[in-house]
Every structure is written in C-alpha cells, then in structure tokens.
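# Tertiary structure, described
The residues making up each chain are set out below.
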Amino acid sequence: PRLRLDVVSIFPDYLEPLRLSLPGRAAERGIVSLAVHDLRDWTHDVHRAVDDSPYGGGPGMVMKPEIWGPCLDDVCPDDAILVVPTPAGVPFTQAIAEELSAATHLVFACGRYEGIDQRVVDDAARRVRVLELSIGDYVLIGGEVATMVMVEAIVRLVDGVLGNAESHRQDSFSDGLLEAPAYTRPQTWRGLSVPDVLRGGDHAAILAWRREQSLARTRDRRPDLLAGEPDTDHGSRG
Ligand SMILES: Nc1cc(-c2ccc3ccn(Cc4ccccc4)c3c2)n[nH]1
C-alpha cells in the first residue's frame, strides 16, 4: 500500500470505525492498509497486566515499559514513524498531517491510564522517528480517539483517497483562514436566503465574497491565526 498504518491499543475494537469511514474505502483500493494490535498480546502474566503504580506517587497508573517495548519492537520497524498521542504533545496541525501523509508507514501507540512510561518513547527514539502529539488543549481518557482524529486528517491527504482530489486543495488551513459559509438548495429555507453573489455567475465576485467571509470569520473566531505571531512550524498555514 501507499501508506501502512498500525495502531496498538488495549481496546482494539475502539478503532473499528476507522475501517468504516474514509480510510476504509482507501483500504479497499489498497491505497492505505490498517492493522490494529491488542497490546495485551504482549503481556506475559496470567492477569495480562499492562499497568502499574507511578514512581513518585500521584493518582492513577502508568503503562509498563516491559509490555510496550517488546510490542513496538515487533510492530514498529526502523523506517516507520511512531506517533504517540499525549496531552503533553506538540500540537497536531494541518502541516503535520501533510508531512505524515507523505510517510510510508505510521505506527500509533495508544496509551490509557496516566500514559506510557517515558522510557518507552526514549528507547524507541533511539531507532525510529517519534512524534508525541496533542490534538488539542483538552484531556481525553486515552490515545484512541486522538489517533482516529489524526488518521482521518492524514489519510484524506493521500492521493487517491478522497474522491474529489480538488477538495483538500482548498482546505481552509491551506491559506491560513477559516472556511467561508457553504450553501445548497433550496434558495430560501425557513425565510433564510442564499447570498445573491453565490447564485450569480461572477466567479471573481464569488471568490472575493468568500475571501471576505473567511477573513471576517477568522477575525471573529480565531484572531490567533491573524495575529501574525511567528508560528514556529511555518506549515501550510503560513
Ligand atoms: N490532546 C489530547 C491527547 C490526550 C491523551 C492522549 C493519550 C492518553 C493516554 C492516557 N491519557 C489520559 C491522560 C489524562 C491526563 C494526563 C495524562 C494522560 C491520554 C490522553 N488528551 N488530550
């Protein structure tokens, strides 16, 4: 396949929806392959324990390096990129999605509890490229949902996955502004009408109107995108 995805989780069924949505169709066409692995298959005790108490105390449990290490040895080859979702990660952005969509093999390590023993990441980083990524400033229960978010954002950028190749070329974040409002039939609905400019054939006027709408929305909802502060990643947003 053009892109191989491996996901490790103690809840492998959680990733099933990935097969149903976008990546599923891409999988049928052989463009993207998805394999999900149950971390517990690498446990050695009768209780199949994957977690233990945290050194230094504190709430919750931490995932054991003795389980994750051998698992990643088997699942993650040296030429793969290891993605570890974490609240403490580098922000996942469209630029990172673009970069990862060009890879040939991505492995996602889904943690639970309070996370994975840091030595697992430190050890893996000795032989593979590791990215600890956050999908936003809110706290989830585990890495599975974050993985599904990232996989969807990445796979839609792989050529041949999206029916309409054009659609991601006009991604809102590709010009650093928010998407303009979208409309379809009927022309009037519950007393609300579609802006006249969109119903005319003047494509220059339509582009100008959409740009103005994007700017207004971005000013109103995401002033941070306009602040012009030196964004570190210099990604597709600019
Ligand atoms: N953007 C983003 C990512 C996550 C995330 C990712 C993986 C894990 C694994 C365990 N948890 C729970 C957790 C709660 C608090 C502190 C540490 C870990 C995770 C959360 N939350 N928010």
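Residues numbered from 1 in each chain as written. Predicted model: local features only at pLDDT ≥ 70, side-chain atom pairs only at ≥ 80, totals over all residues. Heavy atoms only, no water.

A separate point is the overall build of the protein chain. A tally of helices and strands in the protein chain yields 9 helices and 9 strands. A total of 238 residues make up the protein chain; the buried ones form 43% of that total. Restricting to contacts in the protein chain with at least 6 residues of sequence separation, those with at least 24 account for 75%. Accessible surface, the protein chain as shown: approximately 13,600 Å² in total, 53% of it carbon and sulfur. (Helix = DSSP H or I, 4+ residues; strand = E, 2+ residues; numbered from the N terminus. Buried < 20%, exposed > 50% of the residue type's maximum accessible area, 1.4 Å probe, protein only. Contact = heavy atoms within 4.5 Å. Areas by Shrake-Rupley, 256 points an atom, 1.4 Å probe, with all protein chains shown as cover.)

This paragraph deals with the site of the ligand. In the vicinity of the ligand lie 17 residues, with Ser134, Ile135, Gly136, Tyr138 and Leu140 positioned nearest. Tyr138 places a polar main-chain atom, nitrogen or oxygen, 2.7 Å from a nitrogen atom of the ligand. In the model, a nitrogen atom of the ligand is placed 2.9 Å from a nitrogen or oxygen of the Leu140 main chain. Notes on the ligand: free accessible area 480 Å², of which the protein chains cover 86%. Broken down by element, the shell around the ligand gets its largest block of residues, 3 residues, from strand β5 (residues 81-91). When its residues are assigned to classes, the shell around the ligand shows 8 nonpolar, 7 polar and 2 charged. (Near = heavy atom within 4 Å. Polar contact = N/O pair within 3.5 Å; in protein donor to acceptor, adjacent residues only side chain to side chain. Nonpolar A, V, L, I, M, F, W, Y, C, P; charged D, E, K, R; others polar.)

Among the structural elements, Ser214 can be located in helix α9 (residues 203-221). According to the relative accessible area criterion, Ser214 is buried, its value standing at 8%. Within the local environment of Ser214, its side chain forms a polar contact with the backbone nitrogen of Ala180, the two atoms lying 3.5 Å apart. For Ser214, the contacting residues outside a window of four places in its chain are Leu177, Leu178, Glu179 and Ala180.

All right, on to the packing of aromatic side chains then. Within this structure, the stated rule accounts for 1 aromatic pair. On the numbers, 6.5 Å between centres and 50° between planes, the contact of Tyr183 with Trp209 is tilted. Of this pair, Tyr183 sits in the loop between α7 (165-169) and β8 (188-189) while Trp209 sits in helix α9, and the two are 26 residues apart along the sequence. (Phe/Tyr/Trp six-rings, centres within 6.5 Å; stacked < 30°, edge-to-face > 60°.)

What is shown is where atoms sit, not what they do.
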